[in-house]
Amino acid sequence: MSETFFPINDLLRRKLQTSLIVTSVTLCVASTLFLLLFSEKIGFGISLMIESKLTHGFSIAFSQFIIFVGLLIFIVGAVIISFMVFVMMSQRVRDIGLMKAAGCPNDLIFGYFMTELLIVTFVGCFLGVVLGILANFASTSMLCSSGFQISQEPPDFWLVLLVFVLFFALALIFGAKPILDTTKVEPAKAISPIIISG
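Calculation rules
Along each chain, residue indices are assigned from 1 in the same order as the chain's sequence is written. Only residues with pLDDT of at least 70 are given local features in this predicted model, and only at 80 or more are side-chain atom pairs given and counted; all residues enter the totals for whole chains, interfaces and linings. The side-chain values count all of the structure's non-hydrogen atoms but skip hydrogen atoms and water molecules. Classification of ring pairs uses Phe, Tyr and Trp, with its six-membered ring standing for Trp, and accepts pairs whose centres are within 6.5 Å; under 30 degrees between planes counts as stacked, over 60 as edge-to-face, and the remaining range as tilted. Only DSSP runs of H or I reaching four residues or more are called helices, and only runs of E reaching two or more are called strands; each is numbered from the N terminus. A simple rule labels every residue: compare its accessible area, found with a 1.4 Å probe on the protein chains alone, to the largest value its type can have, and call it buried under 20%, exposed over 50%, or partly exposed in between. For this analysis, a polar contact is any N or O atom pair within 3.5 Å, provided that within protein one partner can donate a hydrogen and the other can accept it, and provided that sequence-adjacent residues contribute only side-chain to side-chain pairs. Throughout, a contact is declared for two residues whenever any of their heavy atoms are within 4.5 Å.

A.B. asks: It is not clear to me how the packing of aromatic side chains should be interpreted in this structure. Could you clarify?
C.D. replies: How two aromatic rings sit relative to each other is given by the distance of their centres and the angle of their planes. Evaluated as defined, the whole model comprises 6 aromatic pairs. Look at Phe-122 and Phe-126: their rings are 6.1 Å apart centre to centre, the planes differ by 15 degrees, and that puts the pair in the stacked class. Here Phe-122 and its partner Phe-126 are both found in helix α5 (residues 106-145), 4 residues apart, which amounts to about one turn of the helix. Overall, the relative accessible area of 44% leaves Phe-122 in the partly exposed class. You can call Phe-126 partly exposed: its relative accessible area is 45%. When the ring of Phe-122 is compared with that of Phe-168, the centres are 6.5 Å apart and the planes differ by 90 degrees; the resulting orientation is edge-to-face. With Phe-122 in helix α5 and Phe-168 in helix α6 (residues 157-183), this residue pair connects regions lying 46 residues apart in the sequence. Chaining the aromatic ring pairs together yields one cluster made of Phe-122, Phe-126, Phe-164 and Phe-168.

What follows is the structure in structure tokens.
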């Protein structure tokens, strides 16, 4: 039982680092999801208002611009979350070296740090999705109460699921890379202060 909770206890022991990473992942996912959901609503509302006033070609160009902005927001969010998780796992290189020097097998080390990565990534992505949906709902309600015509439909479930799954997968891929690289390094090199991970 203690082996199962060892990664959780280690994350709780490193409260500042764990909370900073979870907060960063949460804010990144939340801001990306909020901007995608909100730009979809704003774009749809603007399209309805100007549909009869603009030509068909300009309406198509405007909708493509909204899609481009949404894609750009998603790519920036994905790059930031990948970088944050990569930095988190790269900081654990010396810990991996110490575990290897103590005689732990590579699969045990990889499983231990992968469990930590899964916990941090899942919690951050889940909280980010919840916060992004709440921010979208609050901003939509505020704009509607101010007299703007914005759609009050619930958020697109597939978009929310897509953001969660893609960010979760990217965080795991980029977070697992330094773990895999370090488990292949000799213990003396992993413990050395001059090792360059990545």
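The structure having been displayed, the exposition proceeds.
A.B. asks: Could you clarify how one ought to interpret the side chain of Thr-26 in this entry?
C.D. replies: Within the secondary structure, Thr-26 sits in helix α2 (residues 15-50). On the basis of relative accessibility, which here comes to 9%, the residue Thr-26 falls in the buried class. At 2.7 Å, the side chain of Thr-26 forms a polar contact with the backbone oxygen of Val-22. Sequence-distant contacts of Thr-26, that is, excluding residues within four places in its chain, are made with Val-123, Gly-124, Leu-127, Gly-128 and Leu-131.

A.B. asks: Any chance you could explain the environment of Glu-153 here in plain terms?
C.D. replies: When you line up the elements, Glu-153 lands in the loop between α5 and α6. On the basis of relative accessibility, which here comes to 52%, the residue Glu-153 falls in the exposed class. In this structure the C-alpha to C-alpha distance between Glu-153 and Phe-137, which are 16 residues apart in sequence, comes to 9.7 Å.

Any link to function would need more than the numbers given here.
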